[in-house]
Amino acid sequence: MAKTAVARQGKRGGANELSPEQLKKFLRDMLLIRRFEEKAGQLYGMGLIYGFCHLYIGQEAVVVGMQAAAEPGKDSVVTSYRDHGHMLATGMDPKGVMAELTGRRTGYSRGKGGSMHMFSTERKFYGGHGIVAAQVPIGTGLAFAHKYSNDGGASMVYYGDGAANQGQVYESFNMAALWKLPAVYVIENNRYGMGTSVARASATGDLHKRGAAYGIPNEAVDGMDVLAVYEAGQRALAHARSGKGPYILGVETYRYRGHSMSDPAKYRSREEVSKIRSEQDPIDRIRQMLLNDGDATEEEVKKIDADVKAIVTEAAEFAQQSPEPDLSELYTDVLVEA
Amino acid sequence: MATQILMPALSPTMTEGTIARWLKKEGDTVVSGDVLAEIETDKATMELEAVDEGILGKIIVGEGTAAVAVNTPIAVILAEGEDAGSIAAAPAKAAEPKSEPAAFSSQHSTQAPAKSPAKTSPAAEPDYTGEMVTQTVREALRDAIAEEMRTDERIFLMGEEVAEYEGAYKVSQGLLEEFGAKRVVDTPITEHGFAGLGVGAAMAGLRPIVEFMTFNFAMQAMDHIINSAAKTRYMSGGQMSCPIVFRGPNGAAVGVAAQHSQDYASWYGHIPGLKVVAPYSGADAKGLLKAAIRDPNPVLVLENELLYGRSFEVPKSSDFVLPIGKAKIERAGKDVTIVAYSLMVGVALQAAEKLAEEGIDAEVINLRSIRPIDVETIAASIKKTNRIVSVEEGWPFAGIGSEIAAIAMEHAFDWLDAPVTRVCGEDVPMPYARNLEALYLPSVERVSQAVKAVCYR
């Protein structure tokens, strides 16, 4: 496999040489998402989380690489309902996220949003949207606001291969290109829109190339390689910030779990999943690289794992111990009371 | 044979216009297709083309004449060899910009729209004692936007044709000039996209005013209005807000048939997380739109194309704002309550005048706000009159009238002396033909009949 070569090349991190500390942070951030999602799956199985719950396992390198390229507190982020990873990557508190999953008053939406609807204005995370592709015009509006306010920020708009066939994506491309809005569209192509493969849903498979119709620069990215994502994210953000308009990244990734918790996943073989897990797993790749290059010891790596587990365990306990919302909360937050 | 040229109706809703300029003078030879004059309506300047050949014998209405009613003779075309002496006998013929099939009688092409609304000026705002100006609803809306934009840099207007064209219905006249292209933004024809973009901008802290050319087109944007704008406050546990105004003409215009003639009051009124207002008068338009722009929530402002050109007395002050959620008693009465919103307030007021001649003293409530609805004013009126008739352009099923009926039952049941009665648009798509269109819409006659029925007269 060429993964080591890719990783070594990517280790330069684009404009900036990546330090071992930065590489370890990638490992830590991806592990946090993975362990968090595994715990969420567990709590779902116990009936503590209900409704829809879409896990991000397998796709961790995408949001971790992208957000490492972003400026926290300056760039906005918006995504679909598969959003737990994005919230953690923007620095939202795992306790608040998990407590929202369990529908508790300490959750980010005080138990009224659930898995698909969480926000943090502090972290500039604007959801968490349950309607496929609705986040794309919204994210374009965030970019509009960045330009209008001239605050130097960019909007990072994540959507999946399923959403890529919604018309509103292309309405957004048109306006973003027309008005040169600082938007980075990140297509998380995990190969399946629910149970339908890209080949069965999309006339053309290179979803990022659809931006060419609007004159938007675009490129394909290996979404199982966090360094490749990080580099591409830097390029895309630099372009958006320069006033040249939007940029599209077609990130090839894979989700190991079903579309949601209730997905029997009959549309793909077990072998397909296990092959990708064993050969391309983004967490294994960065861990191996750190160890092979002598940038981290076995002990350090184990400690990262243990620290992350402790955070997730604490979040799960918090999410189970927190009380449910007060019944009076049913009627609050419908409108802003002027 | 001499032919009169009549003031043409250049849009379905035009009732009068200004002769801006004659491009031909008396004695000039004209051929079919020559531009005779420029005519200004309240929305646009249009060219009047000659239909007939001949000599421009006489200009009856000179340049610069304003408020020339549709169908007024404005000039006479003489045939070859005729002199101005034959002018007196000239038959009417409109110089319509588009020709119509010969089988159609000239009646169709020259008459003003059948339902050109009568002017009714409601009383000035009781709480407002400042200076009033006579303004069209269109001007009042424009002033509301401009006044608010002057006070808050975060406010911007976006929509199709709002900037350079100055609004498809000329509501945004002068705004591009005053505020520039950054704050008055022409969008592509992409309702789903720009409604969602507006929501995102509002979430980020801006104050968008999104104009839909008409609310019929906003069905393409419905998902963002409801799922993205209305529900976000709740879904975020009160963390997020979406201060956005969606505005534009709602309901039927004239002759535009099913897909362009729908009243969305009950659609938006259904949704928690939205506020919905429907202005009737110029003061309503100014006061409610300003309130909507200042409101920290998503607000739908359901305007009406047929009201845009109507003049009212409007408070001049830029501090004039109306409270959302408060109805206005347009006409006090003791025998029966008629509740209506938007254009139908005018119909209700006309019906009330007619009924007064027959000894029925009707109270007319202008709802102004659909959501929240002013239960207090409605219930108090029923307790006084003991009878209520609702009037709306929308369909009867699950309409605003149904809600009025529920309010009457829940808040004033013991005071009712007759069943709550609804006058609605008929339960069919809007037809095109003039006679069917008129039959579809609530009329003064239908309102009067309903009122008499609940009065057992």
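Throughout this document, residue positions are counted from 1 along each chain, in the order its sequence is written. Here the convention is simple: chains get letters from A, ligands get numbers from 1, in the order in which they are written. Local features in this predicted model are restricted to residues of pLDDT 70 or higher, and side-chain atom pairs are both shown and tallied only at a pLDDT of 80 or more, whereas totals for entire chains, interfaces and linings draw on every residue. Side-chain numbers come from the whole structure's heavy atoms, not from hydrogens or water.

1. Regarding the interface of chain A and chain B
Across the contact, 37 residues belong to chain A and 44 residues belong to chain B. Of the roughly 3,300 Å² buried where chain A meets chain B, counting both sides, 68% is carbon and sulfur surface. On the chain A side of the contact with chain B, F119, Y148 and V336 of chain A bury the most area, a combined 22% of that side's loss. N or O atoms closer than or at 3.5 Å make up a polar contact, with two conditions inside protein: a donor-capable atom paired with an acceptor-capable one, and, for residues adjacent in sequence, both atoms drawn from side chains. If you look at where chain A meets chain B, you find 15 residue pairs in polar contact (both at pLDDT 80 or more). Elements supplying a minimum of two residues to the side of chain A that touches chain B: α6 (135–149) and α7 (167–178) of chain A. By residue number, the principal contributor to the side of chain A that touches chain B is α6 of chain A, which donates nine residues. Residue contacts follow a heavy-atom distance rule, with two residues in contact if any of their heavy atoms lie within 4.5 Å. Two parts placed together each lose some accessible area under a 1.4 Å probe, and the buried area is that loss summed for both. In this text, helices come from DSSP runs of H or I with a minimum length of four residues, and strands from runs of E with a minimum of two, each type numbered from the N-terminal end.

2. A few points about the side chain of T41 of chain B
Residue and element names in this part refer to chain B. In this fold, T41 is placed in the loop between β4 (35–40) and β5 (45–49). When accessible area is computed with a 1.4 Å probe and restricted to protein chains, residues below 20% of their type maximum are described as buried, those above 50% as exposed, and intermediate ones as partly exposed. Classification of T41 by relative accessible area gives buried; the value is 17%. What T41 contacts, discounting residues up to four positions off in sequence, is L10 and M14.

3. A word on the pattern of salt bridges
In a structure, side chains of opposite charge can pair up when their charged atoms sit close to one another. All names here are of chain A. Salt bridges, as used here, are contacts in which a Lys or Arg side-chain nitrogen is within 4 Å of a carboxyl oxygen on Asp or Glu. Within this structure, the stated rule accounts for 47 salt bridges over all chains. Notably, a salt bridge pairs E60 with R34, separated by 2.7 Å at the nearest N-O pair. A residue pair is termed long-range when its members are at least 10 positions apart, and E60 in helix α3 (residues 60–69) and R34 in helix α2 (residues 20–45) qualify at 26 residues. When sorted by exposure, E60 lands in the same class as R34, which is buried. In this structure, the salt-bridge partner of R34 is D281, at a minimum N-O distance of 2.8 Å. Here R34 is found in helix α2, whereas its partner D281 is found in the loop between α10 (270–280) and α11 (282–292), with 247 residues between them in sequence.

4. Notes on the packing of α6 of chain A against α7 of chain A
Residues and elements named next belong to chain A. Each axis is a line fitted through C-alpha atoms, taken for helices only over the stretch in contact, and angles between the N-to-C directions span 0 to 180 degrees. At their nearest, the axes of α6 and α7 sit 8 Å apart, and the two run at 20° to each other. One finds that α6 runs roughly parallel with respect to α7. At the point where α6 passes α7, the crossing takes the left-handed sense. In this structure, α6 contributes V136, P137 and T140 to the contact, and α7 contributes Q168, V169, S172 and A176. Taken together, the residues that form the contact of α6 with α7 break down as four nonpolar, three polar and no charged. An angle below 35 degrees is treated as roughly parallel, one above 145 as roughly antiparallel, one from 65 to 115 as roughly perpendicular, and anything else as oblique. What makes a crossing left-handed is the near helix being turned counterclockwise from the far one by less than a right angle; a clockwise turn instead makes it right-handed. Here the term charged refers only to Asp, Glu, Lys and Arg, the term nonpolar to Ala, Val, Leu, Ile, Met, Phe, Trp, Tyr, Cys and Pro, and the term polar to all other amino acids, Gly among them.

5. What about the sheet that holds strand β12 (residues 184–186) of chain B?
Residue and element names in this part refer to chain B. Taken together, the seven strands give an open sheet; going across it, the order is β12-β11-β13-β14-β16-β15-β21, and neighbouring strands pair in mixed fashion. Two strands lie at the open edges of the sheet, namely β12 and β21 (369–371), each paired on one side alone. On average, each strand axis in the sheet is tilted by 20° relative to the strand beside it, whichever way the strands run. Where strand β14 (residues 245–249) and strand β16 (residues 299–303) come together, five bridges link them in parallel fashion. Bridge pairing in β16 links R247 to V301. Where helix α4 (residues 191–203) meets the sheet, its contacts fall on β11 (155–159), β13 (207–211) and β14, and the angle it forms with β13 comes to roughly 165°. Sitting on the sheet, helix α8 (residues 282–294) touches β11, β13, β14, β15 (275–277) and β16, and the angle it makes with β14 is about 150°. Here, a strand pair is defined by DSSP locating no fewer than two bridges between the strands.

6. What to know about the confidence of the model for chain B
Caution is warranted with low-pLDDT regions, since their predicted coordinates should not be read in detail. Residue and element names in this part refer to chain B. When pLDDT is averaged along chain B, the result is 90; 90% of the residues meet or exceed 70. You can read pLDDT as the predictor saying how much it trusts each residue, on a scale of 0 to 100. Under a pLDDT of 50 for its full length, residues 94–124 has, in the predicted model, 51 contacts with residues more than four places off or in other chains. Reported confidence for the predicted complex is 0.94 by ipTM and 0.88 by pTM.

7. Points about the sheet that holds strand β2 (residues 125–128) of chain A
Residues and elements named next belong to chain A. In space, the six strands of this open sheet follow the order β2-β1-β3-β4-β8-β7, with parallel pairing throughout. Whereas interior strands pair on both sides, the edge strands pair on one side only; in this sheet they are β2 and β7 (218–222). Strand-to-strand twist in this sheet, taken as the mean axis angle between neighbours without regard to direction, amounts to 15°. Bridge count for strand β3 (residues 155–160) against strand β4 (residues 183–189) is six bridges, and the pairing is parallel. Note that in β4 the partner of G160 across the bridge is E188.

8. Concerning the confidence of the model for chain A
Predicted confidence across chain A gives a mean pLDDT of 94, with 95% of residues reaching 70 or more. In the model, residues 1–10 of chain A has pLDDT below 50 throughout and makes 13 contacts with residues more than four positions away in sequence or in other chains.

9. Examining the side chain of S202 of chain A
Examined against the element boundaries, S202 of chain A turns out to sit in the loop between α8 (198–201) and β7. A distance of 3.1 Å separates the side chain of S202 of chain A from the side chain of N165 of chain A, its partner in a polar contact.

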